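Here are the chains, one letter per residue:
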Amino acid sequence: MPELTRPRVVTTLFMAEGVTRVGDAITMVALPLTAILVLDASPAGLALIGAAQAAPILLLSLPAGAWVDRRARRWSILVTADVFRGFLLASVPIAAVMGVLSLPFLAGVALAASACGTLFDLAFAGWVPRLLAGDALHRANARIELARSAASVTGPAIGGVLVAALTAPFALLADAASFIGSAALIARVRAGEPIPPAPTARAPLRTELSAGLRFIGRQPLVRAVTLTAGINNLARSIAMSVAVLYLVDSARMDAAQIGLAFALGNSGFVIGALVSRRLSERLGMGSTMQLGVGLFGPSMLLFAAAPPSLSGLACTLMIFAHGFGIAVHNVNQVTVRQVL
């Protein structure tokens, strides 16, 4: 289908992923600030929200991946997930205006939005290769990664400014609008998705899930990557939420300053992606992956030990180490999984 390789499709995918990731980055700042500034949340409450954001990635990825793999069309999953995320985040300022906003409500929104995001990411990964092939697919993947990197840097800064200007709950409206915009962009190219032929016979979903779990159990590298991703996602989600509370209460930083700290720190994602291949050629893939995840603990200790006057700088360095480590680890672990 020659129409699928047109630059318009690549541009649409770039824009859809870009607006979605900017919205995600805004929420990374605005959601914990809503809990802190509106609900006076404790560290335990913020840890609950962080855990709610991480749990679907850890618990739903395998069954959701098997379910997505059975669906003939992927674009409908993407649009539905985006629309649901938009409504979920829009419910936060509505609840605040009505006086019913609470910590359990925020944790529920975080959990449901993360579940929708998990479905979106799984479906998106298998949807793009259906639309494009060859050089067009390579070009799209490169631009999508550029969109993600740019969003990780610009989104938190935008989020901090929006919180300062609109208050934290209403800053989430920007993220809600980004998901609706992403859904509209994806719907523009829905007609280009080819429908694969239905398999003549397929094992029950439970059988496929069991086979997937057995594969993970037999493969030590895949098992290690899976456990590492789960532990780090959970720990980082909790740490980032509690870090925002510390920056507000102890360092006395305002929303714009916190957003700037996160934005500067997230440049580690970009630099890590740029140097990952060179590092793996020099150190080997295994050592490079160990280096990536090995940055997490020490960088958290650096932030914890810093005096309040240097907390902003220490937080930026921690987030930079996280982003650099995640990028270096992910580029290599994806290759390991694809080979196996």
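Calculation rules
- Residues numbered from 1 in each chain as written.
- Predicted model: local features only at pLDDT ≥ 70, side-chain atom pairs only at ≥ 80, totals over all residues.
- Heavy atoms only, no water.
- Helix = DSSP H or I, 4+ residues; strand = E, 2+ residues; numbered from the N terminus.
- Buried < 20%, exposed > 50% of the residue type's maximum accessible area, 1.4 Å probe, protein only.
- Contact = heavy atoms within 4.5 Å.
- pLDDT = per-residue confidence, 0-100.
- Salt bridge = Lys/Arg side-chain N within 4 Å of Asp/Glu carboxyl O.
- Expected span 1.5 Å × (residues − 1).
- Bend = angle between axes of the 7 residues up to and from the residue.
- Core = buried A, V, L, I, M, F, W, Y, C linked by side-chain atoms within 4.5 Å.
- Phe/Tyr/Trp six-rings, centres within 6.5 Å; stacked < 30°, edge-to-face > 60°.
- Lys NZ or Arg CZ within 6 Å of the ring centre and 35° of its normal.

Participant: Explain the overall build of the chain here, please?
Facilitator: Per the secondary structure count, the chain includes 13 helices and 0 strands. Taken from the N to the C terminus, the helices and strands of the chain come in the order α-α-α-α-α-α-α-α-α-α-α-α-α. Considering the chain as a whole, with its 340 residues, one finds that 44% of them fall into the buried category. For the chain, the proportion of contacts with a sequence separation of at least 24, taken over those separated by at least 6, is 86%.

Participant: Just checking my understanding: could you explain the confidence of the model for the chain for this structure?
Facilitator: Fine structural detail should not be taken from predicted coordinates in areas where pLDDT scores are low. Summarising the model, the chain shows a mean pLDDT of 82, and 89% of its residues fall at 70 or more. Mean pLDDT across the elements of the chain bottoms out in helix α5 (residues 134-166) (76) and peaks in helix α3 (residues 75-98) (92).

Participant: Got a minute to help me understand the pattern of salt bridges in this structure?
Facilitator: When the charged atoms of two side chains lie near each other, side chains of opposite charge can form a pair. Summed over the entire model, instances satisfying the criterion amount to 4 salt bridges. Notably, a salt bridge pairs Arg21 with Asp121, separated by 3.0 Å at the nearest N-O pair. Placement of Arg21 in helix α1 (residues 7-37) and of Asp121 in helix α4 (residues 103-131) is noted, with a sequence separation of 100 residues between them. Arg21 gets classed as buried once you look at its relative accessible area, which sits at 19%. Take Asp121: its relative accessible area is 37%, and that puts it in the partly exposed class. In this structure, Asp82 and Arg85 form a salt bridge, with 2.8 Å as the shortest nitrogen-oxygen distance. With Asp82 and Arg85 both in helix α3 and 3 residues apart, this pair spans about one turn of that helix. Classification of Asp82 by relative accessible area gives buried; the value is 0%. Members of the salt-bridge network, linked through shared partners, are Glu17, Arg21, Asp24 and Asp121.

Participant: Would you mind going over helix α2 (residues 43-69) with me for this structure?
Facilitator: Two residues of an α-helix separated by three or four positions point the same way, owing to the 3.6 residues in each turn. Over its 27 residues, α2 runs 39 Å from end to end, which matches the ideal 39 Å to within 8%, given 1.5 Å per residue. Maximal helix bending in α2 amounts to about 60°, located at Leu60; proline Pro63 follows within four positions. Residues of α2 that are buried: Gly45, Leu46, Ala47, Ile49, Gly50, Ala52, Ala54, Pro56, Ala64, Ala66 and Val68.

Participant: Explain the nonpolar core to me, please; I cannot follow it from the model alone.
Facilitator: Counting residues in hydrophobic clusters, the biggest one holds 44 residues, and the most contacted among them are Leu33, Leu247 and Phe262. Per element, the largest residue contribution to this core is 7 residues, and it comes from helix α8 (residues 220-249). Counting 24 residues, the second-largest nonpolar core is a separate cluster that includes Leu78, Val128, Leu132 and Ala187.

Participant: How do you make sense of the packing of aromatic side chains when you look at a structure like this?
Facilitator: Taken as a whole and judged by the stated rule, the model has 3 aromatic pairs. Plain terms: the ring middles of Tyr246 and Phe303 are 5.6 Å apart, the flat faces sit at 85° to each other, and that makes the pair edge-to-face. One end of the pair, Tyr246, is in helix α8; the other, Phe303, is in helix α12 (residues 296-305), and 57 residues separate them in sequence. Among the residues examined, Tyr246 registers a relative accessible area of 25% and is labelled partly exposed. For Phe303, a relative accessible area of 8% corresponds to the buried category. Taking 6.4 Å as the distance between ring centres and 15° as the angle between the ring planes, the aromatic pair formed by Phe320 and Phe324 counts as stacked. Of this pair, Phe320 and Phe324 both sit in helix α13 (residues 311-339), 4 residues apart, which is roughly one turn of that helix. For Phe320, a relative accessible area of 29% translates into the label partly exposed. Phe324 sits in the buried class, given a relative accessible area of 17%. The positively charged end of Arg85 is found above the aromatic ring belonging to Phe120, 4.9 Å away from the centroid.

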